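# Architecture at a glance
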Amino acid sequence: MNVKVLVAIGLLLVAAGFGFTSFKASMTPYISFAEARRATGMVQVNGVLAAKDYVLKRDEQFLKFDLKDEHGDVLTVEYRGVIPGNFDQATSIVAIGRYHEGRFEADQLLVKCPSKYQAQAEQGGNAT
């Protein structure tokens, strides 16, 4: 083989290795609330709104609520940023952030709401 081909293959391998490690480092895993309390970096937790008595200060872009997982464990979440307009209708909430000083400080919230088609089907209507 000629030297140019070997250099090209070597550069491709280095680029592939760098891309893989960068991708792996950017992934934020789903973990349990107990693991989130022990984690040192960014993680994501998933649950449902534990109660409707959350604290919402739109002018300060502040939201504090309790998230409950499938095991019944509850985690207090604080979020500063644009509040999702459909937050109170959420069927599932994903909080991405880190646990700090007794609460989960979310940098990002992902809110899953029921589909309009699902709601119409439950009411016996047509989804047109």
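### Things to note about the overall build of the protein
- Per the secondary structure count, the protein includes three helices and six strands.
- Along the chain direction, N to C, the helices and strands of the protein fall in the order α-α-β-β-β-β-β-β-α.
- Scored against the burial criterion, the 128 residues of the protein give a buried share of 24%.
- Here the contacts in the protein between residues at least 6 apart in sequence split such that 41% fall between residues at least 24 apart.
- Total accessible area computed for the protein in this model is approximately 8,800 Å², and 56% of it derives from carbon and sulfur atoms.

### A short note on the packing of aromatic side chains
- In total, this model carries two aromatic pairs according to the counting rule given.
- Plain terms: the ring middles of Tyr-54 and Phe-87 are 5.1 Å apart, the flat faces sit at 85 degrees to each other, and that makes the pair edge-to-face. Placement of Tyr-54 in the loop between strand E1 (43-49) and strand E2 (55-57) and of Phe-87 in the loop between strand E4 (74-80) and strand E5 (92-100) is noted, with a sequence separation of 33 residues between them.
- An aromatic cluster is present here, built from Tyr-54, Phe-65 and Phe-87 joined pairwise through their rings.

Conventions adopted
- Residues numbered from 1 in each chain as written.
- Predicted model: local features only at pLDDT ≥ 70, side-chain atom pairs only at ≥ 80, totals over all residues.
- Heavy atoms only, no water.
- Helix = DSSP H or I, 4+ residues; strand = E, 2+ residues; numbered from the N terminus.
- Buried < 20%, exposed > 50% of the residue type's maximum accessible area, 1.4 Å probe, protein only.
- Contact = heavy atoms within 4.5 Å.
- Areas by Shrake-Rupley, 256 points an atom, 1.4 Å probe, with all protein chains shown as cover.
- Phe/Tyr/Trp six-rings, centres within 6.5 Å; stacked < 30°, edge-to-face > 60°.

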